[in-house]
Amino acid sequence: MDIFALYPTSPGYDFITEDTYFQKTQRRFPWATHTKSLPKSPLYLATCPECKNAIEIRELDRVRGENERAPMEPFGKHYQHNVPGLDIIYDQAKYDNCSLRAKVSLSSSEPRLSQAFNDEVLKLLVNEAAVVREVLATTVGIGFGDRLFESMLKTFIEQGRYRCKGVMPSNLPFALLYWTESQWITGQYISSEKHVEMECAIENSLHFCMSGRQISSKHWRDKQSAAARDKTPLPSRPDWGPHRLAFFMGKRVVRGDERKGEKNHMTLTLTEHTNNKPTGNPIYKKKISYSNNHFPNAIRAFERRMSKPEEAAETLAKRIRAGKLAYSYAKHLLPDTWRPNWEDEEGARLDAS
Ligand SMILES: [Zn+2]
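Figured I'd write up the structure that's included with this text.

Overview of the sheet that holds strand β6 (residues 75-78)
1) Next: Ordered by their spatial adjacency, 4 strands build an open sheet running β3-β4-β5-β6, and the pairing between neighbours is antiparallel. Looking at strand neighbours, the two that pair on one side only are β3 (32-34) and β6, the edges of this open sheet. Mean inter-strand twist for the sheet, computed between neighbouring axes without regard to direction, equals 45 degrees.

Concerning the sheet that holds strand β10 (residues 244-254)
1) Next: The 4 strands are arranged β7-β10-β11-β12 in an open sheet whose pairing can be described as antiparallel. The sheet is open, and its two edges are formed by β7 (183-184) and β12 (281-290), each paired on a single side.
2) Next: Here β7 pairs with β10 via 2 bridges, running antiparallel. From the neighbouring strand, tryptophan 184 faces β10, where its bridge partner is alanine 246.

Examining the environment of leucine 245
1) Next: For leucine 245, the location among the structural elements is in strand β10.
2) Next: For the pair leucine 245 and proline 84, spaced 161 residues apart in the sequence, the C-alpha separation amounts to 58 Å.
3) Next: Leave out the neighbours within four places in its chain, and leucine 245 touches Gln183, Trp184, Ile185, Thr186, Ile202, Phe208, Ile215, Thr271, Glu272 and Ile283.

Description of the coordination of the zinc ion
A metal bound by six donors in octahedral fashion has ideal angles of 90 or 180 degrees, whereas one bound by four tetrahedral donors has an ideal angle of 109.5 degrees.
1) Next: The protein atoms that coordinate the zinc ion are Cys48 (SG), Cys51 (SG), His78 (NE2) and Cys98 (SG), at distances of 2.1 to 2.3 Å.
2) Next: The coordination sphere of the zinc ion comprises 4 donor atoms, whose angles at the metal cover 102 to 116 degrees; the geometry is tetrahedral.
3) Next: Within one chain, the residues serving as donors to the zinc ion are arranged as C-x2-C-x26-H-x19-C. Placement of the pair is cysteine 51 in the loop between β4 (42-47) and β5 (54-58) and cysteine 98 in the loop between α2 (92-97) and α3 (115-127), with a sequence separation of 47 residues.
4) Next: Residue classification places cysteine 51 among the buried positions, given a relative accessible area of 6%.
5) Next: With a relative accessible area of 3%, cysteine 98 lands in the buried category.

Some thoughts on unusual backbone geometry
Peptide bonds are trans in most cases, and residues, glycine excluded, mostly fall at negative phi.
1) Next: Of the consecutive residues phenylalanine 29 and proline 30, the connecting peptide bond is found in the cis state with omega at 5 degrees.
2) Next: Secondary-structure assignment places proline 30 in the loop between α1 (18-25) and β3.
3) Next: Of note, the phi angle at glutamine 26 is positive, near 50 degrees, even though the residue is not glycine.
4) Next: Here glutamine 26 lies in the loop between α1 and β3.
5) Next: What makes glutamine 26 partly exposed here is its relative accessible area of 49%.
6) Next: Positive phi, close to 60 degrees, is recorded for aspartate 87, a residue that is not glycine.
7) Next: Secondary-structure assignment places aspartate 87 in the loop between β6 and α2.
8) Next: Given a relative accessible area of 71%, aspartate 87 falls into the exposed group.

What counts as what
Residues numbered from 1 in each chain as written. Predicted model: local features only at pLDDT ≥ 70, side-chain atom pairs only at ≥ 80, totals over all residues. Heavy atoms only, no water. Pairing = 2+ DSSP bridges. Helix = DSSP H or I, 4+ residues; strand = E, 2+ residues; numbered from the N terminus. Axes fitted to C-alpha atoms, helices over the stretch in contact; angles between N-to-C directions. Contact = heavy atoms within 4.5 Å. Donors = N, O, S within 2.8 Å, 3.2 Å for Na, K, Ca; no water. Tetrahedral: all angles 85-135°; square planar, octahedral: opposite > 155°, others 65-115°. Buried < 20%, exposed > 50% of the residue type's maximum accessible area, 1.4 Å probe, protein only.

Next comes the structure, spelled out in structure tokens:
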């Protein structure tokens with residue numbers, strides 16, 4: 001697993017990194033201890049944020065560069081023993097139901113039983129919606145404008161997909177992408193110049209084209225040319241015409257072996273739907289690869305931008321804008337006392353203006 005808590009009573013969780021673990025535990029007992037068996041070797045313990053059994057953090061404190069092997073990222077594994085120092089009595093039934101235990105596929109629709117942990121996933125989505133959106137924009141190549149992003153959030157939350165066992169804090173952006181039904185993307189912007197292949201596929205389609213970075217339709221382009229030629233006004237909103245361009249995710253998600261540093265991947269397909277037909281013609285496929293620390297790293301990078309004076313205001317505005325989209329669907333599902341982490345900052349910003 002990629003997350004840990006200090007005690008069974010600790011609220012929430014932290015993503016596992018060497019820095020975070022050693023900072024939180026200060027390398028002290030009862031977390032930093034040693035094995036009972038001889039020769040004694042270091043043992044780093046913590047608590048599973050879901051089932052509250054103990055976990056062992058592996059791959060900490062190793063000699064780096066041994067055999068020129070890249071260091072593995074630390075990860076957590078259940079420690080199936082009592083740990084009196086942490087007030088943990090091993091609970092087999094809770095371990096059996098824990099979604100952080102086995103290699104559960106992101107494609108599993110089996111629900112997680114722990115309501116408290118489902119809430120944690122939803123809270124993370126509300127707090128970090130802007131990071132989720134940015135991670136998707138860079139990996140997929142589509143900008144995910146407000147309307148598209150909101151439609152994805154709505155499906156994900158209202159259909160209870162955030163409660164699926166394979167949906168973890170660490171894979172949240174990719175889980176949102178995976179559990180989204182086919183979505184229309186005409187009018188969206190390609191996120192950067194790195195996605196030329198997608199732009200070419202759209203240019204080569206029957207009914208669609210690029211207008212700068214925006215995905216446009218040939219129908220609308222013809223209307224624009226006609227209006228320019230005849231000097232007639234254009235409608236205020238683009239008329240994309242009768243055809244639709246969509247994306248959907250393939251059913252299969254390949255889970256890479258964390259210990260070998262392998263990435264997970266799934267496949268995105270763009271489909272062209274002539275006259276809005278339900279079945280479309282595939283025009284482009286893209287492998288979406290991600291490691292389990294991609295999203296946690298992106299959250300940390302976002303935090304760093306929040307703390308830079310020249311970027312703080314814009315970054316906060318993004319956080320609030322995306323967070324509100326998620327919160328509008330999540331609020332009634334979360335405890336009344338819970339508040340998004342951007343709410344106070346939003347209040348301060350409103351007071352200042
Ligand atoms: Zn567990």
